[in-house]
Amino acid sequence: MAMREAELTEQLWGDSAGAGVIFVSRVQHLEFSLACRGLVCVSRDRKPNTLVQVAALDVCEQSLLAFSSTEIVQGTRDPLFLTGVAFPPQCPILEETVIKLSVYDVKDKSANNSTFLGSATFSVADLLKSRDQQISLNLRSSDDLEAVGTVVVSRMKMGEIEDGEVDHMATDIQAQKCALVCESLHGTTNDKDYGPLMSALFKNPVCKVYRFQTLDSKWMLVREQMAESTLSFTIPKQLITLHIQEDSRRIQELKDLGELSPHWDNLRREVISRYDQVIRSYQETLEELDKLTGPSFKPSCSKAQKYLEFIPINLHTQRMRVTCPRKTDAFYDIITVGAPAAHFQGFKSGGLQKLLSRYESEKKSYSTAYQCIYYSPEQTAKAREVLGSLSELQPLISSLADRLLQAAQQRSVDALRDTLKSLAEKTEQFVHALKDELVKSALLALHAARPGYISKTQTHTPPPLHLQTEMPQTPSHTGAEPDAAVCINMDEVQTPNKEEQLAAVTLERQDSIPHYKEYDEEEWDRVWASVAKSLNCVIALVDKLQEQDNNNQESTPDQALADVITSHNPTGEWREQLSPLVASLKECVTEVGDRAQKSMTFILLQEAVCSIPQGLFLQQRRDVVFSQALSALACGFVMRLYAGLEDKGFLQQLHLVGLVAQFESLLSTYSEEIGMLEDMETGISDLNRVTFRITEAKSDDPAELQPVVSGRRDYYTVEIPLPQQSFQIIPPELQEGKPLQIFPVLFNVGINEQQTIAERFGDISLQERINQRNFEILDGYFKTLSDKVPSECLPCFQTQMDVKELLETLGQNVVTKKRKNVEILWLAGTICRRLNGIRFTSCKSAKDRTSMSVTLEQCALLRDEHQLSKDYFIRALDCMRSRLAQGEAAQWDDPEAGSVANHKPASRHFYPIALLLVSSHLLVVWLILSLVFLLAKYQ
């Protein structure tokens with residue numbers, strides 16, 4: 001095939017040498033079909049197996065622009081090709097571009113044995129200016145002495161073909177339907193394939209076009225488009241940056257713990273050293289990623305490269321667009337990606353599920369060895385949640401307190417009331433976040449780790465009655481008198497003295513947790529309650545100020561109101577009265593937040609100490625897997641959002657419930673793929689920590705349309721910017737930045753020969769557990785969706801099958817003992833599409849198994865939803881799976897081939913020499929076989 005390409009290039013150069021060219025307007029989205037008539041073989045009594053290769057040469061640049069092929073049509077002298085020729089927008093096709101068609105008779109496809117029949121050349125201008133944009137060319141043999149048949153090239157715009165025209169074409173070519181490939185009306189602002197939204201995130205599209213016959217003898221146009229996504233690299237790089245920032249903060253928090261005993265101080269140093277190693281490793285990875293240029297995906301041959309371990313393998317988007325006569329165009333999207341797993345680190349010890357389970361069982365013994373308190377995964381997760389709440393709420397409370405003083409200075413009653421309501425709500429969240437015995441016990445453990453710790457046994461007594469306070473009501477319910485025991489009596493003091501207001505709080509903070517004294521277990525209760533008491537004081541004073549203002553307005557005539565306010569209520573009087581109480585509240589929040597932060601940091605220190613034997617290996621592995629999974633999810637979410645911007649039902653479902661993201665896995669439960677599946681399960685489950693938000697982009701520049709990731713390992717938010725024109729048409733709930741939930745589910749069915757071994761001699765319990773657990777998640781999502789979203793919001797399909805019935809069938813299949821039950825995958829995919837979900841398909845590298853699954857699903861959709869003729873089903877499947885359709889490079893089925901195929905090492909078919917050396921006779925046989933192999937390969 002490479003020799004043919006060189007031959008075509010040489011002939012094209014020869015044909016166009018010395019030709020004068022004038023530039024004209026560029027032709028976009030050129031697509032045409034091919035058909036041959038009256039082909040003549042070398043052997044006259046034999047009908048050829050025909051294939052047409054297409055080469056395009058820009059005579060201005062003297063460069064090869066495209067190289068593609070049709071499928072092979074066997075046993076006919078008048079072949080009609082279902083696979084058309086497509087030149088995507090990025091190909092600079094001009095009217096002067098010369099296209100050469102070379103026709104071959106493929107005698108043996110497996111051996112790449114073919115005979116050249118003839119060729120024809122035409123320019124794009126010839127096709128565009130011809131009548132009906134169809135030309136018939138004579139095929140000339142290699143010696144240019146005789147005609148060996150004709151080739152028909154047809155171009156037609158979508159929507160202009162009529163039934164009568166199709167019938168005329170059918171009778172014109174011996175009652176066979178001609179597979180015309182049309183040019184769709186792309187390039188507009190609302191374009192779903194090549195518009196500015198898509199082109200900003202999806203690069204290097206590869207397009208294939210077909211026309212298949214339906215049951216009613218009409219024709220459907222099918223366009224497949226596969227593209228790379230810039231998110232393959234931008235999302236992982238953002239995550240790595242966030243990991244570096246989070247680990248750097250963790251180091252600073254450990255340093256802020258203060259003085260510890262020598263034992264704990266040494267452990268802290270070791271943990272900080274481990275964090276430093278991780279940070280340096282991540283920084284090196286980030287530096288290497290910043291140097292990369294070229295394709296926007298990672299090929300499977302790069303799995304062994306460490307600096308690419310955060311990048312998903314072969315992440316591609318695939319869209320099938322179907323156009324049928326008198327019907328609205330339909331789009332079917334799917335994301336293909338290699339299994340999110342730590343491929344570089346390997347699977348000798350299993351995947352994340354097994355490693356995490358083993359780690360939790362070993363952590364108890366390590367906690368005893370290092371004199372640590374054992375904390376369960378739920379407790380450590382709670383500690384991280386508390387730290388996250390502190391980092392979010394503490395600055396927010398401080399900001400609201402300042403806004404409250406500003407409203408008081410301006411004497412704005414409405415602003416004062418609204419700000420106080422927000423302040424009370426956030427303070428209530430702050431207090432309740434710390435209302436946990438974990439914080440209290442951690443404070444005691446931290447005190448025990450101080451130098452000179454003195455143990456004290458105390459009988460726990462309940463706090464005094466005046467400390468058993470409830471959170472105050474919000475300002476809208478503060479009509480009742482404030483509790484006199486909680487706050488200063490505002491009825492007796494017109495102008496409170498700052499020292500008197502802070503007296504109670506100051507007394508309570510005099511007994512702060514000492515480093516070298518006996519620990520008072522009731523100290524935390526007093527400090528924690530001081531926040532509520534300080535807020536009660538603020539609310540009480542605001543109520544009193546508002547009441548006084550209302551009384552003044554009622555007792556003063558309207559015409560003299562301004563004079564009274566000026567003389568009796570000088571500007572800033574409210575602020576002066578509120579300032580001491582607001583300052584007290586902020587001090588209490590800071591004090592409580594500092595203690596809680598140190599106690600939670602100490603819990604995480606103990607967890608890190610227990611994991612020192614494994615170094616933070618598990619966390620790094622989990623980061624790698626999650627990065628790959630989130631990149632795929634973000635890519636799928638963006639594509640689904642762009643496709644549904646004008647679908648009001650979809651947008652309503654998006655903000656009321658969220659979307660389901662269904663991952664279809666074809667991994668076996670055998671050998672190292674067990675570890676991959678364990679990694680993938682954990683990575684998909686971790687996506688529950690992700691929410692999306694839609695924002696308005698600053699401009700239409702592609703750099704401004706890139707998604708932005710923020711957050712920490714326990715919770716991430718992905719912001720999706722939309723251009724102003726698109727942002728204005730979405731519902732107000734989405735414009736306000738409402739968090740959008742994603743419900744990831746994973747279904748796995750192994751389909752290769754290794755799965756056969758696993759089912760007969762191994763264990764498939766992992767696969768069964770995954771399918772049953774995720775069925776429950778999918779079923780729960782559907783119930784929530786049914787309660788909140790009307791059925792009219794869901795898409796309509798030709799096949800009348802209720803989603804509830806599909807779920808019941810799926811539930812039966814996941815508990816049925818059946819080998820390679822691919823019905824599970826078909827049902828899950830069907831349910832996902834009917835629920836407006838996002839579809840993903842994965843195998844080890846997203847190549848062979850994935851492409852087989854995707855093409856079968858696409859043909860099934862054409863059959864079930866668009867009435868694809870049964871006679872054309874197998875031909876359609878063969879066309880979509882044909883590696884020759886895009887040339888030898890096979891860019892469609894193997895997305896790596898276009899950039900790395902030439903750099904792959906040759907396959908090694910040689911036997912191990914150590915085995916062959918056992919016998920001299922075997923060595924001779926080995927040499928002969930190797931020589932035969934080499935001769936056959938390079939013949």
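Bear in mind the structure is a predicted one, so any value in this text is a computation, not a measurement.

**Details of the overall build of the chain**
No. 1: Looking only at helices and strands, the chain features 29 helices and 22 strands.
No. 2: Taken across its 939 residues, the chain has 53% of its residues classed as buried.
No. 3: Carbon and sulfur atoms make up 50% of the accessible area of the chain, which amounts to about 43,000 Å² in all.

**Topic: a nonpolar patch on the surface**
No. 1: On the surface, Tyr-670, Ile-757 and Phe-761 cluster together into a nonpolar patch covering about 330 Å² of accessible area.
No. 2: Within the secondary structure, Ile-757 sits in helix H21 (residues 753-761).

**Remarks on the packing of aromatic side chains**
No. 1: Scanning the entire structure with this criterion turns up 10 aromatic pairs.
No. 2: Seen in terms of ring centroids, Tyr-104 and Phe-116 are 5.5 Å apart; in terms of plane orientation they differ by 65°. Their pairing is edge-to-face. Within this pair, whereas Tyr-104 is found in strand E7 (residues 98-108), its partner Phe-116 is found in strand E8 (residues 113-123), the two being separated by 12 residues in sequence.
No. 3: Ring centres of Tyr-210 and Phe-212 lie 5.4 Å apart, and the angle between their planes is 15°; this geometry places the pair in the stacked category.
No. 4: A residue is classified by how much of its surface remains accessible, and Phe-212, at 0% relative accessible area, is buried.
No. 5: Between the NZ or CZ atom of Arg-411 and the centre of the ring of Trp-574, over which it lies, the distance is 4.3 Å.
No. 6: Against the face of Phe-626 rests Arg-689, its NZ or CZ located 4.9 Å from the ring centre.

**Quick notes on the pattern of salt bridges**
No. 1: Tallying each qualifying case throughout the model produces 31 salt bridges.
No. 2: For Glu-673, the salt bridge identified is with Arg-849, shortest N-O distance 2.9 Å. Here Glu-673, found in helix H18 (residues 672-686), pairs with Arg-849, found in helix H25 (residues 848-866); they are 176 residues apart in sequence, far enough to count as distant.
No. 3: What makes Arg-849 buried here is its relative accessible area of 16%.
No. 4: With a closest N to O distance of 2.9 Å, Glu-768 and Lys-817 form a salt bridge. In this pair, Glu-768 sits in helix H22 (residues 765-788) while Lys-817 sits in the loop between helix H23 (803-814) and helix H24 (823-834), placing the two residues 49 residues apart along the sequence.
No. 5: Judged by its relative accessible area of 67%, Lys-817 falls in the exposed class.
No. 6: Salt bridges linked by common partners bring Glu-246, Asp-247, Arg-250, Glu-253, Asp-623 and Arg-713 together as one network.

**Some remarks on the packing of H25 against helix H26 (residues 870-881)**
No. 1: Between H25 and H26, the shortest axis-to-axis distance is 10 Å and the interhelical angle comes to 145°. As H25 runs across H26, the sense of the crossing is right-handed. Within the contact between the two elements, H25 uses Met-852, Thr-855, Leu-856, Gln-858, Cys-859, Ala-860, Leu-862 and Arg-863 and H26 uses Phe-873, Ala-876, Leu-877, Met-880 and Arg-881.
No. 2: Classifying every residue of the contact of H25 with H26 by side-chain character gives nine nonpolar, two polar and two charged.

**Considering the environment of Asn-113**
No. 1: Mapped onto the elements of the fold, Asn-113 is located in strand E8.
No. 2: Overall, Asn-113 belongs to the partly exposed group, its relative accessible area being 38%.
No. 3: What Asn-113 contacts, discounting residues up to four positions off in sequence, is Asp-105, Val-106, Lys-107 and Asp-108.

**Structural notes on the pairing of strand E21 (residues 740-748)**
No. 1: E21 sits mainly inside the fold: seven of its nine residues count as buried.
No. 2: Sheet topology places strand E17 (residues 659-665) next to E21; seven bridges connect them, and they run parallel. Within E21, the residue paired with Val-660 across the bridge is Phe-743.
No. 3: With two bridges connecting them, strand E18 (residues 690-696) and E21 associate as antiparallel partners. Each bridged residue has a counterpart across the sheet, and for Thr-691 the counterpart in E21 is Gln-741.

**Quick notes on the sheet that holds strand E19 (residues 708-712)**
No. 1: Pairing in this open sheet of 10 strands is mixed, and the strands run E13-E14-E15-E16-E22-E17-E21-E18-E20-E19 from one edge to the other. Taken across any chain shown, the strands that pair with only one partner, and hence form the sheet edges, are strand E13 (202-213) and E19. Between one strand axis and the next, the sheet turns by 25° as a mean value, whatever way the strands run.
No. 2: Lying over the sheet, helix H17 (residues 648-656) contacts E17, E18 and E21, oriented at roughly 90° with respect to E17.

**Points about the nonpolar core**
No. 1: Counting residues in hydrophobic clusters, the biggest one holds 84 residues, and the most contacted among them are Trp-264, Phe-430, Leu-434, Leu-578 and Met-600.
No. 2: In terms of residue count, helix H15 (residues 573-610) provides more of this core than any other element does, 17 residues in total.

**Considerations on the packing of helix H5 (residues 231-255) against helix H6 (residues 262-291)**
In a packed pair of helices, the relevant descriptors are the angle between the two axes and the axis-to-axis distance.
No. 1: Put simply, H5 and H6 touch, their axes get as near as 10 Å, and they point 160° apart. Here H5 lies roughly antiparallel to H6, going by the angle between them. The hand of the H5/H6 crossing is left-handed.
No. 2: When grouped by side-chain class, the residues that make up the contact of H5 with H6 number 13 nonpolar, five polar and seven charged.

**A short note on the state of the cysteines**
Among covalent bonds in proteins, the disulfide is the one between the sulfur atoms of two cysteines.
No. 1: Here the structure, examined in full by the defined rule, presents zero disulfides.
No. 2: Counting only cysteine sulfurs, Cys-879 is the nearest neighbor of Cys-859, a cysteine outside any disulfide, at a range of 8.8 Å.

**A short note on the confidence of the model for the chain**
Should pLDDT be low for a region, the predicted coordinates there are not to be read in detail.
No. 1: Looking at the chain as a whole, its pLDDT mean stands at 78, while 75% of the residues score no less than 70.
No. 2: Here residues 488-517 is modelled with pLDDT under 50, and outside its nearest four sequence neighbours on either side it reaches 49 contacts, counting other chains as well.
No. 3: In this model, residues 884-920 is a region of pLDDT below 50 whose contacts with residues beyond four sequence positions or in other chains number 77 contacts.

**Side note on the environment of Leu-94**
No. 1: Position of Leu-94 among the secondary structure elements: in strand E6 (residues 93-94).
No. 2: By relative accessible area, Leu-94 is classed as buried at 8%.
No. 3: Note: C-alpha distance between Leu-94 and Leu-30 (64 residues apart in sequence) is 9.9 Å.

**Description of unusual backbone geometry**
No. 1: For Gln-133, which is not a glycine, the phi torsion comes out positive at approximately 50°.
No. 2: Tracing the chain through its elements places Gln-133 in the loop between helix H2 (124-129) and strand E9 (134-140).
No. 3: The backbone of Gln-867 shows a phi angle near 60°, a positive value even though the residue is not glycine.
No. 4: Inspection of the secondary structure assignment puts Gln-867 in the loop between H25 and H26.

What counts, and where the lines are drawn
- Residues numbered from 1 in each chain as written.
- Predicted model: local features only at pLDDT ≥ 70, side-chain atom pairs only at ≥ 80, totals over all residues.
- Heavy atoms only, no water.
- Helix = DSSP H or I, 4+ residues; strand = E, 2+ residues; numbered from the N terminus.
- Buried < 20%, exposed > 50% of the residue type's maximum accessible area, 1.4 Å probe, protein only.
- Areas by Shrake-Rupley, 256 points an atom, 1.4 Å probe, with all protein chains shown as cover.
- Patch = residues over 30% accessible without salt bridge, like charges linked within 9 Å, V, L, I, M, F, W, Y side chains within 5 Å.
- Salt bridge = Lys/Arg side-chain N within 4 Å of Asp/Glu carboxyl O.
- Phe/Tyr/Trp six-rings, centres within 6.5 Å; stacked < 30°, edge-to-face > 60°.
- Lys NZ or Arg CZ within 6 Å of the ring centre and 35° of its normal.
- Axes fitted to C-alpha atoms, helices over the stretch in contact; angles between N-to-C directions.
- Left-handed = near helix turned anticlockwise from the far one by under 90°.
- Contact = heavy atoms within 4.5 Å.
- Nonpolar A, V, L, I, M, F, W, Y, C, P; charged D, E, K, R; others polar.
- Pairing = 2+ DSSP bridges.
- Core = buried A, V, L, I, M, F, W, Y, C linked by side-chain atoms within 4.5 Å.
- Parallel < 35°, antiparallel > 145°, perpendicular 65-115°, else oblique.
- Disulfide = S-S within 2.5 Å.
- pLDDT = per-residue confidence, 0-100.

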